[in-house]
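Each chain, written out:
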Amino acid sequence: MTRSALHRWASWLACVAVLAPVHSQAPSIQQAQPFETFHLGVEWRLVRAGSAVLTRTPRPGGGWQSDLHIESAGLVSKLFRVNDAYRSQYDSGFCTANTLLRAEEGKRRRETVVTFHHDTKKSSYLERDTIRNAIVMQKELDVPPCVQDVVAALSRLRATKLAPGQSTQFPISDGKRMAMVKIEAQEKETLKTPAGIFQAMRYEAHLFNDVLYVRKGRLFVWLTDDERKLLVQIRVKLSFPVGTISLQLEKIG
């Protein structure tokens, strides 16, 4: 696999994902006691490529904060090390207020802040190279009064009831683009993971193919088929040379 392909893989994981308290070696973001934590293993081409941990923490005054830490491992880490910390803050209606990404990908060090101004229906995007102390990209975008980033959208999906064959749409933005994203409930399946055997519903989120992301691909999410709707698995199918990336639940706690 080429270095450029690894870079694209790392960039996708930083965007999606769709998920630890921030580890001591991760970019520093202060973390409160989480309400729930999902530990997931990342697999690429039948090889363990890293780990992802997603926490959700209640915010004082209402709403939630989700923290995502993604870290590469093994051969992937030797070729192209990834150590990303992502934070999303959103209200009880899953309207995102702001996001923060501190990314260490290979030799790159970036900090990206996105703020959603619900009153003016605008978002502001600021990406900085922290090594050179230089602005990489700055952008303003028109958005609806309530919009989700991908992590808040995952929380909203967990609170949404869809039967197999039903679909809905969420307004989702990464600060650079905004799209009404179709979410489909497809089929109930039994999944065996390191955390146990789960009865789950498979959903497809149409983020790729020039919707929110230009790249061609498909994104599937499995949630338990019960009131908790726990995150069990995420699978992204991208075109060559990246291929399929899977995140599977290893532990809850």
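About the cut-offs
Residues numbered from 1 in each chain as written. Predicted model: local features only at pLDDT ≥ 70, side-chain atom pairs only at ≥ 80, totals over all residues. Heavy atoms only, no water. Disulfide = S-S within 2.5 Å. Helix = DSSP H or I, 4+ residues; strand = E, 2+ residues; numbered from the N terminus. Buried < 20%, exposed > 50% of the residue type's maximum accessible area, 1.4 Å probe, protein only. Core = buried A, V, L, I, M, F, W, Y, C linked by side-chain atoms within 4.5 Å. Pairing = 2+ DSSP bridges. Contact = heavy atoms within 4.5 Å. 1 Å grid on protein atoms, 1.4 Å probe; cavity = no way out; pocket = protein on both sides within 12 Å on 5 of 7 lines; lining within 4 Å. Points joined across faces, edges and corners; volume = space filled by probe spheres on them. Salt bridge = Lys/Arg side-chain N within 4 Å of Asp/Glu carboxyl O.

Colleague: Sorry if this is basic, but what is going on with the state of the cysteines here?
Modeller: Put plainly, two cysteines are in a disulfide when a covalent bond ties their sulfur atoms together. In total, this model carries 1 disulfide according to the counting rule given. Note on cysteine connectivity: Cys95 is disulfide-linked to Cys146, with sulfurs 2.0 Å apart. Across the disulfide from Cys95 to Cys146, rotation about the S-S bond amounts to roughly -100 degrees, and the bridge is consequently left-handed. You can see Cys95 sitting in the loop between strand S4 (82–90) and strand S5 (96–105) and its partner Cys146 sitting in the loop between strand S8 (134–142) and helix H3 (150–158), a full 51 residues away along the chain. Among the residues examined, Cys95 registers a relative accessible area of 12% and is labelled buried.

Colleague: I would appreciate a short explanation of the nonpolar core in the present structure.
Modeller: The nonpolar side chains of a soluble globular protein tend to be buried with one another. Ile172, Leu207 and Leu231 are the most contacted members of the largest nonpolar core, which has 52 residues in total. By size, the runner-up hydrophobic cluster in this structure holds 6 residues, among which are Val114, Phe116, Val143 and Val147.

Colleague: What am I meant to see in the pairing of strand S9 (residues 167–173) here?
Modeller: The side chains of a regular strand alternate between the sheet's two faces. Pairing between S9 and strand S10 (residues 178–193): 7 bridges, direction antiparallel. The partner of Pro171 across the bridge, within S10, is Met180. Between S9 and S10, which follow one another and run antiparallel, lie 4 residues, and Gly175 among them has a positive phi close to 90 degrees.

Colleague: Help me understand the environment of Leu249, please; the structure alone is not making it clear to me.
Modeller: Note that Leu249 resides in strand S14 (residues 244–252). Leu249 sits 53 residues away from Gly196 along the chain, and the two C-alpha atoms are 8.7 Å apart. When sequence neighbours within four positions are dropped, the list of residues in contact with Leu249 reads Phe38, His39, Leu40, Thr193, Pro194, Ala195, Phe198, Leu231 and Val232.

Colleague: Is there a simple way to explain empty space enclosed by the protein in this structure?
Modeller: Empty space left among the atoms is revealed by rolling a probe the size of a water molecule over them. Considered as a void within the structure, the second largest cavity measures approximately 80 Å³ in volume. Counting residues per element, the lining of the second largest cavity draws most heavily on H3, at 4 residues.

Colleague: Hey, could you run me through the side chain of Thr99 in this one?
Modeller: Among the structural elements, Thr99 can be located in strand S5. Residue classification places Thr99 among the buried residues on the basis of a relative accessible area of 6%. In this view, Thr99 contacts Tyr86, Arg87, Ser88, Thr112, Val113, Val114 and Asp149; residues no more than four positions away in its chain are not counted.

Colleague: What am I meant to see in the pairing of strand S12 (residues 217–224) here?
Modeller: For S12, the buried fraction is high: 7 of the 8 residues fall into the buried class. Hairpin connection of S12 to strand S13 (residues 231–238): 6 residues between the antiparallel strands, including Lys229 at a positive phi of 50 degrees.

Colleague: What exactly am I supposed to notice about H3 here?
Modeller: Every α-helix winds through 3.6 residues per turn, so residues three or four apart in the chain are directed the same way. Where burial is concerned, most of H3 is hidden: 8 out of the 9 residues are buried. Of all the positions in H3, only Val150, Val151, Ala152, Ala153, Leu154, Ser155, Leu157 and Arg158 are classed as buried.

Colleague: Sorry, what's going on with the pattern of salt bridges here?
Modeller: Between side chains of opposite charge, a pair can form when the charged atoms approach closely. For the coordinates displayed, the defined rule picks out 19 salt bridges. One salt bridge connects Glu36 with Arg158, and the closest N-O pair in it is separated by 2.5 Å. Of this pair, Glu36 sits in strand S1 (residues 36–44) while Arg158 sits in helix H3, and the two are 122 residues apart along the sequence. With respect to class, Glu36 is no different from Arg158; both count as buried. Among the salt bridges present, the one from Asp129 reaches Arg110, with a minimum N-O distance of 4.0 Å. Separated by 19 residues along the polypeptide, Asp129 in strand S7 (residues 122–129) and Arg110 in strand S6 (residues 108–117) bring together distant segments of the chain. We classify Arg110 as buried; its relative accessible area is 17%. The network of salt bridges with shared partners includes Arg110, Glu127, Asp129 and Arg132.

Colleague: Teacher, can you tell me more about the side chain of Ser155 here?
Modeller: If you trace the backbone, Ser155 turns up in helix H3. In this structure, Ser155 is in contact with Arg56, Ser66, Tyr90 and Phe94, ignoring residues within four places of it in sequence.

Colleague: In this structure, what is going on with the environment of Ala179? I would like to understand it.
Modeller: With respect to the element layout, Ala179 can be found in strand S10. Considering only alpha carbons, one finds Ala179 and Pro144, 35 residues apart in sequence, at a separation of 10.0 Å. Once you skip the residues sitting within four places of it in the chain, Ala179 turns out to touch Phe170, Pro171, Ile172, Val211 and Leu212.

Colleague: What is the right way to read unusual backbone geometry from this model?
Modeller: Working note: non-glycine residues mostly have negative phi, and peptide bonds are mostly trans. Notably, Asn133 is not glycine yet its phi reads approximately 55 degrees, a positive angle. Examined against the element boundaries, Asn133 turns out to sit in the loop between S7 and S8. A positive phi is found at Lys229, a non-glycine position, where the angle reads about 50 degrees. As for its placement among the helices and strands, Lys229 is situated in the loop between S12 and S13. Taking relative accessible area as the criterion, Lys229 reaches 10% and is therefore assigned buried.

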